Amino acid sequence: MCTHHDDQSQHNLPCLHCQPHSYIHMVQHMIERCILLRMSRDECVKALDHHASILPLVTLTVWRGLQRENKDFFETYGHFVSPRPFLSGYVRRSARFARRIQ
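Residues numbered from 1 in each chain as written. Predicted model: local features only at pLDDT ≥ 70, side-chain atom pairs only at ≥ 80, totals over all residues. Heavy atoms only, no water.

K.L.:
Can you explain the environment of D42? Please cite residues and give values.
P.N.:
Considering the arrangement of structural elements, one finds D42 in helix α3 (residues 41-52). A relative accessible area of 44% places D42 in the partly exposed class. Taking C-alpha positions, D42 is 9.3 Å from P56, a pair spaced 14 residues apart along the chain. (Helix = DSSP H or I, 4+ residues; strand = E, 2+ residues; numbered from the N terminus. Buried < 20%, exposed > 50% of the residue type's maximum accessible area, 1.4 Å probe, protein only.)

Right, dumping it as C-alpha coordinates:
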(Lines give C-alpha, C1' and ligand atoms only; values in the text may rest on other atoms or scores of the structure.)
Protein backbone atom coordinates (compact mmCIF):
# COMPACT_ATOMS: atom_id res chain seq x y z
CA MET A 1 0.00 0.00 0.00
CA CYS A 2 1.22 3.49 -0.87
CA THR A 3 2.59 5.68 1.91
CA HIS A 4 2.98 8.85 -0.19
CA HIS A 5 -0.61 10.02 0.23
CA ASP A 6 -2.53 8.57 3.14
CA ASP A 7 -5.92 9.92 2.00
CA GLN A 8 -5.57 8.31 -1.45
CA SER A 9 -4.37 4.98 -0.18
CA GLN A 10 -7.35 4.73 2.17
CA HIS A 11 -9.64 4.94 -0.86
CA ASN A 12 -7.55 2.53 -2.97
CA LEU A 13 -6.72 5.26 -5.50
CA PRO A 14 -3.52 4.92 -7.50
CA CYS A 15 -0.53 6.98 -6.41
CA LEU A 16 1.37 9.22 -8.84
CA HIS A 17 4.67 7.98 -7.44
CA CYS A 18 3.89 4.26 -7.10
CA GLN A 19 1.55 3.72 -10.07
CA PRO A 20 2.06 6.66 -12.47
CA HIS A 21 0.27 5.05 -15.45
CA SER A 22 -2.79 4.17 -13.38
CA TYR A 23 -2.79 7.60 -11.75
CA ILE A 24 -2.65 9.41 -15.10
CA HIS A 25 -5.42 7.18 -16.46
CA MET A 26 -7.54 8.02 -13.40
CA VAL A 27 -6.94 11.77 -13.94
CA GLN A 28 -7.85 11.38 -17.61
CA HIS A 29 -11.10 9.67 -16.62
CA MET A 30 -11.88 12.49 -14.17
CA ILE A 31 -11.20 15.11 -16.85
CA GLU A 32 -13.56 13.26 -19.19
CA ARG A 33 -16.24 13.43 -16.50
CA CYS A 34 -15.64 17.18 -16.14
CA ILE A 35 -16.09 17.50 -19.90
CA LEU A 36 -19.39 15.63 -19.68
CA LEU A 37 -20.41 18.20 -17.07
CA ARG A 38 -19.43 20.96 -19.55
CA MET A 39 -16.71 22.38 -17.31
CA SER A 40 -14.00 24.63 -18.67
CA ARG A 41 -10.37 23.63 -18.23
CA ASP A 42 -9.98 25.99 -15.27
CA GLU A 43 -13.17 24.72 -13.62
CA CYS A 44 -11.95 21.16 -14.08
CA VAL A 45 -8.54 21.96 -12.57
CA LYS A 46 -10.18 23.59 -9.54
CA ALA A 47 -12.70 20.78 -9.10
CA LEU A 48 -10.09 18.02 -9.24
CA ASP A 49 -7.85 19.95 -6.86
CA HIS A 50 -10.66 20.53 -4.39
CA HIS A 51 -12.57 17.24 -4.58
CA ALA A 52 -9.89 14.70 -5.50
CA SER A 53 -6.67 16.40 -4.29
CA ILE A 54 -5.20 16.19 -7.79
CA LEU A 55 -2.40 18.71 -8.18
CA PRO A 56 -3.32 21.40 -10.74
CA LEU A 57 -0.05 20.81 -12.61
CA VAL A 58 -0.96 17.15 -13.08
CA THR A 59 -4.46 17.98 -14.33
CA LEU A 60 -3.10 20.61 -16.73
CA THR A 61 -0.46 18.22 -18.06
CA VAL A 62 -3.01 15.46 -18.70
CA TRP A 63 -5.46 18.01 -20.19
CA ARG A 64 -2.74 19.22 -22.61
CA GLY A 65 -1.99 15.63 -23.60
CA LEU A 66 -5.66 15.05 -24.36
CA GLN A 67 -5.71 18.29 -26.36
CA ARG A 68 -2.76 17.16 -28.48
CA GLU A 69 -4.46 13.84 -29.20
CA ASN A 70 -7.89 15.39 -29.91
CA LYS A 71 -7.24 18.83 -31.42
CA ASP A 72 -10.53 19.15 -33.30
CA PHE A 73 -12.63 18.10 -30.32
CA PHE A 74 -10.98 20.53 -27.92
CA GLU A 75 -11.16 23.37 -30.44
CA THR A 76 -14.90 22.88 -30.72
CA TYR A 77 -15.29 22.24 -26.99
CA GLY A 78 -13.41 25.45 -26.17
CA HIS A 79 -15.97 27.44 -28.14
CA PHE A 80 -18.82 25.51 -26.56
CA VAL A 81 -17.83 26.13 -22.93
CA SER A 82 -16.45 29.65 -23.36
CA PRO A 83 -18.34 32.26 -21.33
CA ARG A 84 -21.30 33.72 -23.15
CA PRO A 85 -22.14 37.20 -21.84
CA PHE A 86 -25.76 37.11 -23.00
CA LEU A 87 -26.50 33.69 -21.56
CA SER A 88 -26.44 34.86 -17.94
CA GLY A 89 -29.10 37.49 -18.69
CA TYR A 90 -31.20 34.88 -20.46
CA VAL A 91 -30.98 32.53 -17.47
CA ARG A 92 -32.03 35.29 -15.06
CA ARG A 93 -35.01 36.25 -17.25
CA SER A 94 -36.01 32.60 -17.62
CA ALA A 95 -35.93 32.10 -13.85
CA ARG A 96 -38.19 35.14 -13.32
CA PHE A 97 -40.55 33.88 -16.01
CA ALA A 98 -40.70 30.43 -14.41
CA ARG A 99 -41.63 31.98 -11.04
CA ARG A 100 -44.53 33.88 -12.64
CA ILE A 101 -45.95 30.70 -14.15
CA GLN A 102 -46.06 28.93 -10.80
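That shown, we press on.
K.L.:
Got a sec to walk through unusual backbone geometry? Specific residues and values, please.
P.N.:
With a phi angle near 60°, R38 is a residue other than glycine that sits in the positive phi range. As for its placement among the helices and strands, R38 is situated in the loop between α2 (20-36) and α3. R38 sits in the exposed class, given a relative accessible area of 57%. Even without being glycine, S53 reaches a positive phi, approximately 55°. Positionally, S53 belongs in the loop between α3 and α4 (56-69).

K.L.:
I'd like to hear about the state of the cysteines, residue by residue, with values.
P.N.:
Two cysteines whose sulfur atoms are joined by a covalent bond form what is called a disulfide. In this structure the tally under the stated criterion is 0 disulfides. Free cysteine C34: the closest other cysteine sulfur is in C44, separated by 3.1 Å. (Disulfide = S-S within 2.5 Å.)

K.L.:
Can you explain the packing of aromatic side chains? Please cite residues and give values.
P.N.:
This structure, assessed with the given rule, holds 4 aromatic pairs. Centre to centre, the rings of F73 and F74 are 5.2 Å apart; their planes meet at 90°, and the pair counts as edge-to-face. Given a relative accessible area of 41%, F73 falls into the partly exposed group. Accessibility expressed as a relative area gives 9% for F74, which makes it buried. Considering the side-chain rings of F73 and Y77, the 5.6 Å spacing of their centres and the 15° angle between planes classify their relative orientation as stacked. With F73 and Y77 both in helix α5 (residues 71-81), this residue pair falls 4 residues apart, about one helical turn. Feature note: the residues W63, F73, F74, Y77 and F80 constitute an aromatic cluster, connected by ring pairs. (Phe/Tyr/Trp six-rings, centres within 6.5 Å; stacked < 30°, edge-to-face > 60°.)

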